[in-house]
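If you want the building blocks of each chain, they are given just below.
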Amino acid sequence: MFCHEYPDILETEAEVLDARPGAVLLSRHPFFPGGGGQLPDRGLLSWRGGESAVVGFFEDGEQLWIRLADEIEIDGAVVAAADAHLRQIMRELHTDLHILNALVYQQFDGALVTGAQMNDDGTARIDFDLTATDNDKLRALEPALNDVLAQDLRVSDSRIPMVDAQQQKGLLRSRSVAPPPSPDGMVRIVEIRGLDRQACGGTHVASTGGSRPVRILKIDNKGRHNRRIRLALDGV
Ligand SMILES: [Zn+2]
């Protein structure tokens, strides 16, 4: 995906390959379509004489279509632009959740993720399969998390065969939101240097210092096997 290869390019020129009323298939675009708890990008499509907001995405076969706010059918050349504010919040929160996930995995005996959700107000939640844990110990991870941000560790990605990922302990960290392999059987691995490697299809900051500091807001018990940690970016 373009948004994986060029996460900093939020605007592209493109050709309309196919169109339906209120939807369009483009030769390329900067949008992240959502998944793994990360919200889909919002944005704007503009062309000579008009524009329409991008309000969603849907797959048809292997093709990713863009849903528009207006029931129009367009052709020719367009400019596709993603909402930079939303993308930035998602990149920061997604990276922060990886760090928290890594700390929990290391300190709580390989506990796995059971769910995650990032919100456009700069808050997020992540659920872990944890039993009989003192919630104060989870809350106490906040300084360690912010310490990783202050270290400004590089965040990079690579692709490896899914069969290899399944054999490496700790790469598939989620019970519920593991990214599907691409049609060629590859899965994307996101690495925070010296801290963590895990399969993920989302967007992240280029180094951990790219995220604002975070606060852990709340720990909830969601059933006997589930702890939910809520966090927020500082200043939002
Ligand atoms: Zn991720």
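Residues numbered from 1 in each chain as written. Predicted model: local features only at pLDDT ≥ 70, side-chain atom pairs only at ≥ 80, totals over all residues. Heavy atoms only, no water.

Enquirer: Mind showing me how you'd approach the packing of helix H2 (residues 84-107) against helix H4 (residues 142-151) here?
Expert: In helix packing, the relevant descriptors are the interaxial angle and the interaxial distance, both defined with respect to the helix axes. Running from N to C, H2 and H4 cross one another at 125 degrees; their axes reach a closest spacing of 10 Å. Relative to H4, H2 is oriented oblique. The crossing of H2 and H4 is right-handed. Residues Asp96, Ile99, Leu100 and Leu103 of H2 pack against Ala144, Leu145, Val148 and Leu149 of H4. When the residues that make up the contact of H2 with H4 are grouped by side-chain class, the tally is 7 nonpolar, no polar and 1 charged. (Axes fitted to C-alpha atoms, helices over the stretch in contact; angles between N-to-C directions. Helix = DSSP H or I, 4+ residues; strand = E, 2+ residues; numbered from the N terminus. Parallel < 35°, antiparallel > 145°, perpendicular 65-115°, else oblique. Left-handed = near helix turned anticlockwise from the far one by under 90°. Contact = heavy atoms within 4.5 Å. Nonpolar A, V, L, I, M, F, W, Y, C, P; charged D, E, K, R; others polar.)

Enquirer: Explain the coordination of the zinc ion here, please?
Expert: Tetrahedral coordination by four donors sets the ideal angle at the metal to 109.5 degrees; octahedral coordination by six donors sets it to 90 or 180 degrees. Bound to the zinc ion are the protein donor atoms His94 (NE2), His98 (NE2), Cys200 (SG) and His204 (NE2), situated 2.0 to 2.3 Å from the metal. With 4 donor atoms in place around the zinc ion and angles of 91 to 118 degrees between them, the coordination shape is tetrahedral. Site description for the zinc ion: donor spacing in sequence, H-x3-H-x101-C-x3-H. Taken together, the positions of His94 and His98, both in helix H2 and 4 residues apart, correspond to about one turn of that helix. The burial state of His94 is the same as that of His98; both residues are buried. (Donors = N, O, S within 2.8 Å, 3.2 Å for Na, K, Ca; no water. Tetrahedral: all angles 85-135°; square planar, octahedral: opposite > 155°, others 65-115°. Buried < 20%, exposed > 50% of the residue type's maximum accessible area, 1.4 Å probe, protein only.)

Enquirer: I would appreciate a short explanation of the side chain of Asp196 in the present structure.
Expert: Along the polypeptide, Asp196 turns up in strand S11 (residues 196-199). A relative accessible area of 8% means that Asp196 is categorised as buried. Of note is the side chain of Asp196, whose polar atom sits 2.8 Å from the side chain of Arg173. A distance of 2.9 Å separates the side chain of Asp196 from the side chain of Gln198, its partner in a polar contact. Among all residues touching Asp196, those that are not within four sequence positions of it are His98, Ala102, Arg173, Val190 and Glu191. (Polar contact = N/O pair within 3.5 Å; in protein donor to acceptor, adjacent residues only side chain to side chain.)

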